[in-house]
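Working through the structure, step by step
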Amino acid sequence: MTRVDHRTTENFLAFAGEGRTMVATAMVAFDPSMEKAEVAISVRREDKHKGVAWEMLRHVARYAQARGAAYLESVESRENHEAIELEREQGFVAVPYDEDPTLVLIRKDLRRP
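Throughout, a residue's number is its position along its own chain's written sequence, starting from 1. It should be noted that, the model being predicted, local features are given only for residues of pLDDT at least 70 and side-chain atom pairs only at 80 or more, the latter also being counted only at that level, while totals for whole chains, interfaces and linings use all residues. Computation of side-chain values covers all heavy atoms of the structure but excludes hydrogens and water.

**Brief notes about the overall build of the protein**
Counting its regular elements, the protein contains two helices and six strands. Numbered from the N terminus, helices here are DSSP runs of H or I no shorter than four residues, and strands are runs of E no shorter than two. Listed N to C, the secondary structure of the protein is β-β-β-α-β-α-β-β in terms of helices and strands. We compute the radius of gyration over the C-alpha atoms and compare it with the globule rule, which gives 2.2 Å times the number of residues raised to the power 0.38. Computed over C-alpha atoms, the radius of gyration of the protein comes to 14 Å, within 12% of the 13 Å expected from 2.2 N^0.38 for 113 residues, which places it in the range of a compact globule. Its C-alpha atoms put the protein at 40 × 30 × 30 Å along the principal axes. Put simply, the protein has 113 residues, and 35% of those count as buried. We call two residues in contact when some of their heavy atoms are within 4.5 Å. In the protein, the proportion of contacts linking residues at least 24 apart, taken out of those at least 6 apart, comes to 48%. As displayed, the protein offers around 7,400 Å² of accessible surface, 50% of which is attributable to carbon and sulfur atoms. In this tally, Lys and Arg are treated as positive and Asp and Glu as negative; His is ignored, and so are the chain termini. Think of each charge as sitting on NZ of Lys, CZ of Arg, CG of Asp or CD of Glu. One way to put it: in the protein the 17 positive side-chain charges average out to a point 4 Å from where the 20 negative ones average out. Only protein chains enter the calculation, and the probe is 1.4 Å; a residue is then buried if its accessible area is under 20% of its type maximum, exposed if over 50%, and partly exposed in between. Using the Shrake-Rupley algorithm and a 1.4 Å probe, accessible areas are obtained, with residue cover drawn only from the displayed protein chains.

Following this line, the structure appears as structure tokens:
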């Protein structure tokens, strides 16, 4: 996450308080074919439940779609019910993550309207 090349990886930041406080980050990474992208979002504890993650996810999904990705994915702990529900509300579908039964793969088909 420290190496952003602006082609296969991009990082977005959200600020509050007149731009003085960073409240969230969203990282997106594309596979070599640029067909699939993975997103990871982190929101500062004090700024959770304010819609920041919702907007960051929407922004990354639009960005990945504009870059030509067919799918946007996120790997979540099965215990992270808030994130899974947020993603489901935005059209993501949960599928088993074969490599680790404690995780779930959340996927959105960006080719659908």
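**Some thoughts on the side chain of Thr25**
Mapped onto the fold, Thr25 is located in strand 2 (residues 21-30). Taking the relative accessible area as the measure of exposure, Thr25 reaches 18% and is therefore buried. There is a polar contact of 3.4 Å between the side chain of Thr25 and the backbone oxygen of Phe12. Thr25 has contacts with Asn11, Phe12, Leu13, Ala40, Ile41, Ser42 and Met56, leaving out every residue within four places of it along the chain. Pairing of N or O atoms within 3.5 Å defines a polar contact, subject to two protein rules: one partner must be a possible hydrogen donor and the other a possible acceptor, and residues neighboring in sequence count only if both atoms are side-chain atoms.

**Brief notes about the pairing of strand 4 (residues 71-77)**
Here a strand pair is declared whenever DSSP counts at least two bridges between the two strands. Relative to strand 4, strand 3 (residues 36-43) is paired through three bridges, and the arrangement is parallel. Within strand 4, the position partnered with Glu38 by the bridge is Glu73. Following the backbone out of strand 3, through helix 1 (residues 52-66) and into the adjacent parallel strand 4, one traces a crossover that is right-handed. Handedness of a crossover: with both strands directed away from the viewer, a clockwise path from the first strand across the helix to the second marks it as right-handed.

**Focus: the pairing of strand 6 (residues 103-109)**
Direction of pairing for strand 4 relative to strand 6: antiparallel, over a ladder of seven bridges. By the bridge assignment, Leu72 is partnered in strand 6 with Lys108. The pairing of strand 5 (residues 93-96) with strand 6 spans four bridges and is antiparallel. Bridge pairing links Val93 to Arg107 in strand 6. Following strand 5, the chain reverses through six residues before pairing antiparallel with strand 6.

**A few points about the environment of Val104**
Among the secondary structure elements, Val104 is positioned in strand 6. Put simply, Val104 and Ala40 are 64 residues apart on the chain and 14 Å apart in space, counted from C-alpha to C-alpha. When residues no more than four places from it in sequence are discounted, the contact partners of Val104 are Ser74, Val75, Glu76, Arg78, Ile84, Ala94, Val95 and Tyr97.

**A closer look at helix 2 (residues 81-89)**
Looking at helix 2, one finds that the buried residues are Ala83, Ile84 and Glu87. For helix 2, the angular spread of the buried residues around the axis is 100°, confining them to a single face. Among the exposed residues of helix 2, those oriented more than 90 degrees off its buried face are His81, Glu82 and Glu89. The inward-facing, buried residues of helix 2 abut helix 1, strand 4 and strand 6. Just past helix 2, the residue Gly91 takes up positive phi, approximately 95°. Think of it as the arc spanned by the lines of direction from the helix axis to the C-beta atoms.

**Here's the deal with the nonpolar core**
One broad trend across soluble globular proteins is that nonpolar side chains are buried collectively. Take the buried Ala, Val, Leu, Ile, Met, Phe, Trp, Tyr and Cys residues and link them wherever side-chain atoms come within 4.5 Å; each set so joined is a nonpolar core. Core analysis: the biggest nonpolar cluster contains 25 residues, and Val28, Phe30 and Leu72 have the highest contact counts within it. At the level of elements, strand 1 (9-16), strand 2, strand 3, helix 1 and strand 6 are the ones that each hand at least two residues to this core. Looking at this core element by element, the count peaks at seven residues for helix 1. Those residues in contact with Val28 that sit more than four places away from it in its chain are Thr8, Thr9, Glu10, Phe12, Ala37, Glu38, Val39, Val60, Tyr63 and Leu72.

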